[in-house]
Structure formats: C-alpha cells, structure tokens
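Reading the structure
One letter stands for each residue in the lines below.
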Amino acid sequence: MSRTDNERRARRQARIRARAFSGSERRSDRLLRQMIDSTEEAEAEAGLGLAARASRKLGPKGRFLAAATLIGAIITAVTVYYERTALETAVRADWQDAALVAQGHKLYRENCAFCHGDAMEGQAGWDGDFPSGSRPALPLDGSAPIWRLSDDDIFDVVKYGGQPFSPRSYKNNMPSFEIQLKDAGIWAVVAFLKSRWPEDVRQRQAEAAEMRTSGG
C-alpha cells in the first residue's frame, strides 16, 4: 500500500473516531443533563418538606380550605383550654358564668342530689324541730334560709361538712366533700345553686353579707 493510501486511510479512521467520540459525547451529555436535572428536582422536592409539598399539590383552593380548617381547630382548642382553665382555677361563685354553672350542675347531680334532691327541694320534714340535730337535708333552691350564709360560708360547709360549724351537742349530718371535690368544683356547685335562686333571694344574701361586713 502506497504512502498516499496509508495517509488517506489514517485520515478516514481519524474522522470515524472523531465522529464516534463526538456522537458518544453528545449522548453522554444528554444522559448527564437528565441525571443532573432529575437529581436537582429530587433535592428541591426534599428541601421543600412535607408541608410545602402538600401545599403545592393542594393548589390555591385546597390551601384556603386547609388554612380555614386549621384556624377553626386552633380557635376550638383555645376555647376549650380557656374554659377548662377557668373551671380549674375558679375562686368565686359567679352564677352568671354559663360554663361554671354547667360544671356545678354536673357536680351537684353526682354529689348532692341524693340528699338534697334533683330539684334542690330537700328532704321532707326539714323544717321540723330538731334540737339535738339530725335535721333532714335542707332545700337549696332558695326556699330555706340558706341566703343567710355568704358564698364563703356555703363553700366551707360543702368542703368541711356541717359539724365544724355546729354546737358540739348538735349532730349535723352534712358530710364533708373535701376529698371528693376540688376547691374550684365547690365554687362551681355554689355558682349553680345561686343560678337557681330567685333574684330576691340573691339580693337578700347580698344585703346580709353587706350588713355583716359593715358590722350592722
């Protein structure tokens, strides 16, 4: 083979190798770009986090509904927490507090109704003469002179029972609820009782308390 033929053959092989290498490089570039793009998308997706990925999939309307649901849940949780905290920390018998009165009603049914009656009517014969004690349970609906006791007095009788506030010779059957009820629960019961009193009975109680305070 002549020198010219060898040179032509070498140039042809070089062109073939160049085309092959060039074509292989282009295919590799495309594959590489695809791999890089796929990796970048996966990293971006992972970087968004679960909430962001969910938000992207929900769309504007879905995000609005999700936000509204979340706000509603937060408001409900805050309301429940506030009411529960208020009940657990009550220190006064606010008979106008609906949540406190409802709690007191529940506790009254569970702890007081057995003796004092579901309608707070008391036991028959309560107004009889019992010089040595053992008087039947008084009505708590305002018909008995319970208004003579202040809120603090009623609280103390419920918590400690009636005997500590009675003469030694007098047997008071009112039990203590110090173990069964927390202080806030007792205040709730007192609030419930007062919520069932007629307005004139609440007024008489307030006037009696004011007289004691002023020393009248």
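Since the structure is predicted, the reported quantities are computational estimates derived from the model, not experimental observations.

So, on to the overall build of the chain. Broken down by element type, the chain carries 6 helices and 0 strands. Mapped from its N terminus to its C terminus, the chain presents α and β elements in the order α-α-α-α-α-α. Classification of the 216 residues of the chain by burial places 25% in the buried group. Partitioning the contacts of the chain with sequence separation of at least 6, the portion at a separation of at least 24 is 53%.

For helix H4 (residues 151-160), every residue scored as buried is listed here: Asp151, Ile154, Phe155, Val158 and Lys159. One side of H4 carries all its buried residues, which in axial view fall inside an arc of 130°. Buried-residue contacts for H4 involve helix H5 (183-195) and helix H6 (199-214). Gly161 occupies a position one or two residues after H4 and carries a positive phi of about 85°.

Turning next to the nonpolar core. One finds Tyr108 and Leu193 to be the most contacted residues of the largest nonpolar core, which totals 27 residues. Looking at this core, the elements that each hand over two or more residues are helix H2 (98-111), H4, H5 and H6. If you tally residues by element for this core, the top one is H5, at 8 residues. Ignoring any residue separated from it by four or fewer positions in sequence, one finds Leu193 in contact with Tyr108, Met120 and Leu140.

Here we come to the environment of Ile179. As for its placement among the helices and strands, Ile179 is situated in the loop between H4 and H5. In sequence terms Ile179 and Lys159 are 20 residues apart; their C-alpha atoms lie 8.3 Å from each other.

So, on to the environment of Gln103. Looking at where Gln103 falls in the secondary structure, it is placed in helix H2. Taking the C-alpha atoms as reference, Gln103 lies 7.5 Å from Val189; in sequence the two are 86 residues apart.

The next thing to look at is the pattern of salt bridges. Any two side chains of opposite charge can pair if their charged atoms end up close together. In this structure the tally under the stated criterion is 5 salt bridges. Where Asp183 meets Lys159, a salt bridge forms, and the shortest distance between an N and an O atom there is 2.9 Å. Highlighted residues: Asp183 in helix H5 and Lys159 in helix H4, separated in sequence by 24 residues. Taking relative accessible area as the criterion, Asp183 reaches 36% and is therefore assigned partly exposed. Taking the shortest distance from any N to any O, the salt bridge between Arg202 and Glu199 comes out at 2.7 Å. Taken together, the residues span about one helical turn, with Arg202 and Glu199 both in helix H6 at a distance of 3 residues. On the basis of relative accessible area, Arg202 is assigned to the buried category, the value being 11%.

Parameters at a glance
- Residues numbered from 1 in each chain as written.
- Predicted model: local features only at pLDDT ≥ 70, side-chain atom pairs only at ≥ 80, totals over all residues.
- Heavy atoms only, no water.
- Helix = DSSP H or I, 4+ residues; strand = E, 2+ residues; numbered from the N terminus.
- Buried < 20%, exposed > 50% of the residue type's maximum accessible area, 1.4 Å probe, protein only.
- Contact = heavy atoms within 4.5 Å.
- Arc of directions from axis to C-beta.
- Core = buried A, V, L, I, M, F, W, Y, C linked by side-chain atoms within 4.5 Å.
- Salt bridge = Lys/Arg side-chain N within 4 Å of Asp/Glu carboxyl O.

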